[in-house]
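Read off the chains here:
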Amino acid sequence: MIVWLNGTHGAGKTTTSPLVQQLTPDSRVFDAEKVGETLMDITPGLPGPGTDNFQHWPPWRPLVVETARRVLDYTGGTLVMPMTVLVEEYWREISTGLAQHAIPVRHFVLHADQDTLRGRIEGDTLLGPSLFRLKYLEPYAEAARTWLHERPARSPSAVCRPLPAAAAPRR
């Protein structure tokens, strides 16, 4: 099984994922961003869109599915995956790929209002303020309005608004 923690930068995915992992027996945290970082390290760089966002490169999405599948085949248990996916087509590609391997996904969207998100990003003492992260506030708001906060039939999903320590038990 996969517990996918979605939401934009500053929503609390990285903070929440180890809390969910502690509450979930036989689980591991797998940050799919590491798959993207590997693609970004290829030289010369990959062609096409995505030079500032690896999610736009077509190999990223199936590599995330395949990596998660292989890890689960090897270890069993549950993967807790903190990863922002704001493009509906990309989420459908990933979730469909996981479903084709009979991997159940519990999809949670961690939500905070725009002022809270901006404050968290600008006040981040670990990563520092980030224009890259700030530029995704509006795409997140658009995704939330159009598809991200919907709960599709037959797809366990939830939108969580509390702080990470309170959201973790909702897995």
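All values reported here derive from a predicted model rather than from experimental measurement. (Residues numbered from 1 in each chain as written. Predicted model: local features only at pLDDT ≥ 70, side-chain atom pairs only at ≥ 80, totals over all residues. Heavy atoms only, no water.)

K.L.:
Let's hear about the overall build of the protein: which residues, and what values?
P.N.:
When its secondary structure is counted, the protein shows eight helices and five strands. Beginning at the N terminus, the succession of helices and strands in the protein can be written as β-α-β-α-α-β-α-β-α-α-α-β-α. For the protein, buried positions account for 45% of its 171 residues. Partitioning the intrachain contacts of the protein with sequence separation of at least 6 by distance along the chain shows that 73% fall at a separation of at least 24. (Helix = DSSP H or I, 4+ residues; strand = E, 2+ residues; numbered from the N terminus. Buried < 20%, exposed > 50% of the residue type's maximum accessible area, 1.4 Å probe, protein only. Contact = heavy atoms within 4.5 Å.)

K.L.:
Break down the pattern of salt bridges for me, citing the residues and quoting the values.
P.N.:
Evaluation of the coordinates by the stated rule reveals 10 salt bridges. The shortest N-O distance in the salt bridge between Lys34 and Glu37 comes to 3.7 Å. Taken together, the residues span about one helical turn, with Lys34 and Glu37 both in helix H2 (residues 33-40) at a distance of three residues. Asp124 is the partner of Arg133 in a salt bridge, and the nearest nitrogen-oxygen pair spans 3.0 Å. Its relative accessible area of 12% is what places Arg133 among the buried residues. Owing to a relative accessible area of 18%, Asp124 belongs among the buried residues under this scheme. Connected through shared salt-bridge partners, Glu66, Arg69, Arg70 and Asp73 make up one network. (Salt bridge = Lys/Arg side-chain N within 4 Å of Asp/Glu carboxyl O.)

K.L.:
Quick rundown of helix H4 (residues 88-100)? Include the residues and the values.
P.N.:
An α-helix turns once every 3.6 residues. As a result, residues three or four positions apart point the same way. Between its first and last C-alpha, H4 extends 18 Å over 13 residues, near the 18 Å set by a 1.5 Å rise per residue. Those residues of H4 not exposed but buried are Tyr90, Trp91, Ile94, Ser95, Gly97 and Leu98. The buried residues of H4 occupy an angular sector of 155 degrees when projected down its axis, which confines them to one face. Opposite its buried face, H4 presents the exposed residues Glu89, Ala99 and Gln100, each directed more than 90 degrees away. Its buried side turned inward, H4 meets strand S1 (2-6), helix H3 (60-75), strand S4 (105-110) and helix H7 (137-148). Positive phi appears at Ala102, one or two residues downstream of H4, with a value of about 60 degrees. (Expected span 1.5 Å × (residues − 1). Arc of directions from axis to C-beta.)

K.L.:
Would you mind going over the nonpolar core in detail, with residue names and values included?
P.N.:
Proteins that are soluble and globular tend to have nonpolar side chains buried together. Of all hydrophobic cores here, the largest spans 38 residues; its most connected members are Ile2, Trp4, Trp60, Met81, Val85, Ile94 and Leu98. Of all the secondary-structure elements, those providing two or more residues to this core are S1, H2, H3, strand S3 (78-82), H4, S4, helix H5 (114-122) and H7. The biggest single contributor to this core is H7, with six residues. (Core = buried A, V, L, I, M, F, W, Y, C linked by side-chain atoms within 4.5 Å.)

K.L.:
Kindly report on the layout of surface pockets, identifying the contributing residues and their values.
P.N.:
A water-sized probe, rolled over the atoms, reveals where empty space remains. Counted as a void, the largest pocket has a volume near 770 Å³. Every residue lining the largest pocket is counted, 30 residues in all, and those nearest its centre are His9, Gly10, Lys13, Thr14 and Arg133. Counting residues per element, the ones that place at least two in the lining of the largest pocket are helix H1 (13-23), H2 and helix H6 (131-134). Here the lining of the largest pocket is built from residues that sort into 12 nonpolar, nine polar and nine charged. (1 Å grid on protein atoms, 1.4 Å probe; cavity = no way out; pocket = protein on both sides within 12 Å on 5 of 7 lines; lining within 4 Å. Points joined across faces, edges and corners; volume = space filled by probe spheres on them. Nonpolar A, V, L, I, M, F, W, Y, C, P; charged D, E, K, R; others polar.)

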